[in-house]
Amino acid sequence: MDKTRDNFLKDLNVESILGHDEEANIDRNLPMRKWLYSWLLDPHIPGNFQKDLDKWISYLIIINLFTLMFEHVPAVYEPYRAWFEFFDIFSVTVFTIEYALRLYLAPEDEEFKNRKQARWGFVSSPFAIIDFLAVAPFYLKAFIPIDLRVLRFLRLLRILKLFRVLIPAMAEFKELNKDRTFRQKVHALVFPSNYGGTMQHIFEVFIAVWVLLSVMAVILESVKSIHYVLHLQFVILDAVAVAIFTVEYCMRIYSCVEEPGYKGAIMGRFKQAKSPSTLIDFFAVLPFFLEVFLHHLIDLRFLRVFRLARLLKLTRGSDATAVLVKVVVREWPVMGAATFIMMLLLVLTASLGYLFEYDAQPEKFENIPTSIYWAVITLASVGYGDISPVTPMGRAMTSVLALLGIGIFAIPAALLASAFSDELVKERDHLKANLFAILKDGNISEAEAEMIRSEAKRLHLTVEEVNKLIEVVVKEHELEERNPLPIHKIAENPALAVEHYKVLLGQIRQLGVQTNAAQFEAAAQTGERLSANEMALWQKIQGKT
Amino acid sequence: MPDFLYLMANPMASSTDHTPNSQHLGPTTTDYIFVVFLAVVVVAVTWLGIINYKEALKTEVSKSNGEAWVAWLTETGTTRFDAANQHPACKGGVKPPADAKAGAPGTWGACLAHILETTDLKDQINPFFNVAPHFVAACVPSDRTLMGAILLEDLMPNPPGSATPYVATQLIEADPIDYKMQLRLSVCDKGGYAIKVAEFEF
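All figures in this text were calculated on a predicted structure; none of them were measured in a lab.

On a plain count of helices and strands, chain B comes out with 3 helices and 4 strands. The N-to-C order of helical and strand elements in chain B reads α-α-α-β-β-β-β. The 202 residues of chain B split such that 41% are buried. In chain B, the proportion of contacts linking residues at least 24 apart, taken out of those at least 6 apart, comes to 55%. Counting only carbon and sulfur atoms, one obtains 63% of the accessible surface of chain B, whose full area is about 10,900 Å².

Here it is in structure tokens:
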């Protein structure tokens, strides 16, 4: 049985189910060009470097765009001109190598290999023309004097290289949504679903990149020297970010009625609008509009800090925040009680502090509210030292207070940690139960694999952990097979008892068919292993009487 | 039935999968309204962005005004103690009388009047009000009339060991400029906050 289980687990290949680095199975004896194509450019071989290559080229294109933007800021460009030029040379080198590689490997590409001139087919393809335009200006300027502005505009064409990733994703999205309405397509793009595919992932990454950019801009704006130089750029960046986030917000509100639990044109959308994640989206853009419309009435500069709330947009994709909220809500009564004790201790301590210290230091312990500040700082073990007791009674009380503080302030933290851990165990048990149901038929379908994948990702489980979980589930299956329900449990249910009786009869009959009847009877009579009644029953079951 | 079992039984089914076969799949009137609304939103945000950009440009022009003052004062500051100084009204080493009034030789008032008469700085425009920028004692956020104004401060060093290295006071017209001065020039932005342009010697 153990061997069967081991084979099952071996066949299962959890790594491939979880989509972890599966090593590409490429024959070493392939011709050089074919071998190289299989490793670097073939999109149909899982585990090769094609996706990585596309990813890193995309990153390089995006960084190129930023460098191009900063080249327009003399205060940034002039001191670091050499670094900008070095980066441009590096980018062009990478893009040229990529172009040369694609040209060399074109005869292996399915798109071109059936053409008479595969390489010419590649050179004249739209993607190759874009690739060529991305590097050509760099080489051209060596021979022809080109105006710097024209050169920068031509370099902007590098962004078109991103279409290599975008177009296949768009085709996939179109295919997944071919029989769906416009609103459902919008929904598939902005909400995670079975219809989003790579395009939805790109959309999420795009929003995340803009969130990080705008938050970084808010942080850098507070550095006066940077703000002085990049003031206009920050204004433009904020306007673009707000435009993107506003469009995203509208798309979410419009298509949310496709989400479960959000049906109804008005009520569904209202429910979506007041959900925490959508409220965050709303508050992420609100400061911009308030500042534009109300700046002449009041100084709304303080609102700019609230743009940092955009960072919360990133929690939409994270389940950890939802778990934390769930834990806090669940533990709220206990935490409330702990907080109450804390408050009680705080007020008591502050009052005693005021009582003991006021006479000695009236300027520091001038009233109970001031003493509350001292009590909080002491209880929380922060101890700034700006207010400290000087009387013997005050000092004695502070010593006790400091010791109590460690315990009292630790209670909510310990409660939260323990509840968080419990929640994770629960979630894992839930996954285990799911796995139990999935593995009942002994195989894992694509939909089941997808479910395992998403759950493992959500719970941050490694391949080894999922493997262990599956092993436990398989063991439980075996135990269930070996030891069906205990007899007293079966006896509780008459229908089940009848079925069990029939199974037992069937097994006895099967035994009678498979064993040698003469030898069985001889063995039964030897030493009176079976009584006369038992023997009679045996024969009756076998249909001999 | 747990939702995962439902999804397993119907791999492509989801809560969003409720399109009846007979449903019209092309864009509906509501879809068109949404697209138009989205376009309006984009145009509106772009328009607001342009307004913000234009306002930011005004701050940039104010900063340029300040930078021009800093450039002129720094350049003049290197030669004003020389005998062959081109701007006698700003000459260093000319001690004004103790009860000197604004405009008396050796005071900032005399130098300022000279600058506003003879240099390109006289042509500067405060973009917020389309008038020449004026010098103020401080940038005050509650006072919107100070937008684009220039704040020129004399930085008087404190004795060593002080909590702050210097005390900044507005350079007023009656102040003497006979000694090597450490100045700080700022401009008031749209919100009435000071943007430091530079600290320099004059």
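This paragraph deals with a nonpolar patch on the surface. Residue and element names in this part refer to chain A. Taken together, the side chains of Ile219, Phe302, Val305, Phe306 and Leu308 make up a nonpolar region of the molecular surface, amounting to roughly 480 Å² of accessible area. Tracing the backbone through its elements, the reader meets Phe306 in the loop between α15 (276–294) and α16 (319–330). Note on Phe306: relative accessible area 47%, which makes it partly exposed.

Our next topic: the packing of aromatic side chains. Using the criterion set out here, one finds 20 aromatic pairs over all chains in the structure. Relative to Phe34(B), the ring of Tyr254(A) lies with its centre 3.9 Å away and its plane at 5°, an arrangement referred to as stacked. One end of the pair, Tyr254(A), is in helix α13 (residues 224–255); the other, Phe34(B), is in helix α2 (residues 29–79), on a second chain. Considering the side-chain rings of Phe282(A) and Phe283(A), the 5.6 Å spacing of their centres and the 65° angle between planes classify their relative orientation as edge-to-face. By relative accessible area, which is 32% here, Phe282(A) ends up partly exposed. An aromatic cluster of three or more residues is present, and its members are Tyr99(A), Phe112(A), Phe122(A) and Phe132(A). Above the ring of Phe191(A), the side-chain terminus of Arg252(A) is found at 5.3 Å from the ring centroid. The side chain of Arg80(B) reaches across the aromatic face of Phe202(B), ending 4.1 Å from its centre.

A few words now on the pattern of salt bridges. Residues and elements named next belong to chain A. For the structure shown, the criterion picks out 22 salt bridges over all chains. Across the salt bridge formed by Arg102 and Glu98, the nearest N and O atoms sit 3.0 Å from each other. Pair noted here: Arg102 and Glu98 are both in helix α6 (residues 81–105), with a separation of 4 residues, about one helical turn. Neither residue differs from the other here; Arg102 and Glu98 are each classed as buried.

Our next topic: the side chain of Thr278(A). Residues and elements named next belong to chain A. Mapped onto the fold, Thr278 is located in helix α15. A distance of 2.8 Å separates polar atoms of two side chains, one belonging to Thr278 and the other to Gln272. Setting aside its immediate chain neighbours within four residues, Thr278 contacts Tyr249, Ile253, Gln272 and Ala273.

Let's shift gears to the packing of α13(A) against α2(B). Axis separation between α13(A) and α2(B) bottoms out at 9 Å; the angle between their running directions is 170°. Here α13(A) is positioned roughly antiparallel relative to α2(B), judged by the angle of their axes. When the axes of α13(A) and α2(B) are compared, the crossing they make is right-handed.

Another point: the confidence of the model for chain A. On average, chain A scores 83 in pLDDT, and the residues at 70 or more come to 93%. Across chain A, the secondary-structure element scoring lowest on mean pLDDT is helix α1 (residues 2–12) of chain A, at 53, and the one scoring highest is helix α11 (residues 182–190) of chain A, at 93.

Residues and elements named next belong to chain A. One way to put it is that helix α17 (residues 332–357) packs onto helix α19 (residues 392–438) with a least axis distance of 10 Å and a crossing angle of 165°. Taken together, α17 and α19 sit at an angle that is classed as roughly antiparallel. Classified by chirality, the crossing of α19 by α17 is left-handed. Of α19, the residues touching α17 (which contributes Val334, Met335, Ala338, Ile341, Met342, Leu345, Thr349, Leu352, Gly353, Phe356 and Glu357) are Met393, Gly394, Arg395, Met397, Leu401, Leu404, Ile408, Phe409, Ile411, Pro412, Leu415 and Leu416. Partitioned by chemical class, the residues of the contact of α17 with α19 number 18 nonpolar, 3 polar and 2 charged.

Now for helix α24 (residues 517–525) of chain A. Sitting at the amino-terminal end of α24(A) is Asn516(A), which places a side-chain oxygen 3.1 Å from the backbone nitrogen of Ala518(A). Looking at the residues trailing α24(A), positive phi occurs at Gly527(A), about 65°.

We now examine the confidence of the model for chain B. All names here are of chain B. Confidence in the prediction for chain B averages 82 pLDDT; 88% of positions are at 70 or higher. Per-element averaging of pLDDT across chain B places helix α1 (residues 3–9) at the bottom with 35 and strand β3 (residues 182–188) at the top with 92. Scored below 50 in pLDDT, residues 1–21 shows 34 contacts in the model against residues more than four places distant or in partner chains. Here the prediction assigns the complex a pTM of 0.71, and the interface score ipTM is 0.79.

A few words now on helix α12 (residues 197–221) of chain A. Across its 25 residues, α12(A) extends 37 Å between first and last C-alpha, which sits within 8% of the 36 Å expected from 1.5 Å per residue. Where α12(A) is buried, its residues meet α4 (50–70), α10 (163–176), α11 and α13 of chain A.

A separate point is the state of the cysteines. By definition, a disulfide links two cysteine residues through a covalent bond between their sulfur atoms. All names here are of chain B. With the rule as written, the count across this model stands at 2 disulfides over all chains. Between the sulfur atoms of Cys139 and its disulfide mate Cys188 the distance is 2.0 Å. The chirality of the disulfide connecting Cys139 with Cys188 is left-handed, given an S-S dihedral of about -85°. Of the two residues, Cys139 sits in the loop between α3 (108–118) and β1 (150–157) while Cys188 sits in strand β3, which places them 49 residues apart along the sequence. Owing to a relative accessible area of 0%, Cys188 belongs among the buried residues under this scheme.

Once that is clear, we can look at unusual backbone geometry. The phi torsion at Ser381(A) lies on the positive side, around 60°, for a residue other than glycine. Its location among the elements puts Ser381(A) in the loop between α18 (368–379) and α19.

Attention now goes to the sheet that holds β3(B). Within a sheet, adjacent strands bond to each other through the backbone by hydrogen bonds, running parallel or antiparallel. Residue and element names in this part refer to chain B. Spatially, the 4 strands line up as an open sheet ordered β2-β1-β3-β4, and their pairing is antiparallel. For this open sheet the edge positions go to β2 (166–170) and β4 (194–201), each flanked by a neighbour on one side alone. Strand-to-strand twist across the sheet, computed as the mean angle between neighbouring axes with direction ignored, equals 30°. With 5 bridges connecting them, β1 and β3 associate as antiparallel partners.

Analysis parameters
- Residues numbered from 1 in each chain as written.
- Chains lettered and ligands numbered in written order.
- Predicted model: local features only at pLDDT ≥ 70, side-chain atom pairs only at ≥ 80, totals over all residues.
- Heavy atoms only, no water.
- Helix = DSSP H or I, 4+ residues; strand = E, 2+ residues; numbered from the N terminus.
- Buried < 20%, exposed > 50% of the residue type's maximum accessible area, 1.4 Å probe, protein only.
- Contact = heavy atoms within 4.5 Å.
- Areas by Shrake-Rupley, 256 points an atom, 1.4 Å probe, with all protein chains shown as cover.
- Patch = residues over 30% accessible without salt bridge, like charges linked within 9 Å, V, L, I, M, F, W, Y side chains within 5 Å.
- Salt bridge = Lys/Arg side-chain N within 4 Å of Asp/Glu carboxyl O.
- Phe/Tyr/Trp six-rings, centres within 6.5 Å; stacked < 30°, edge-to-face > 60°.
- Lys NZ or Arg CZ within 6 Å of the ring centre and 35° of its normal.
- Polar contact = N/O pair within 3.5 Å; in protein donor to acceptor, adjacent residues only side chain to side chain.
- Axes fitted to C-alpha atoms, helices over the stretch in contact; angles between N-to-C directions.
- Parallel < 35°, antiparallel > 145°, perpendicular 65-115°, else oblique.
- Left-handed = near helix turned anticlockwise from the far one by under 90°.
- pLDDT = per-residue confidence, 0-100.
- Nonpolar A, V, L, I, M, F, W, Y, C, P; charged D, E, K, R; others polar.
- Expected span 1.5 Å × (residues − 1).
- Disulfide = S-S within 2.5 Å.
- Pairing = 2+ DSSP bridges.

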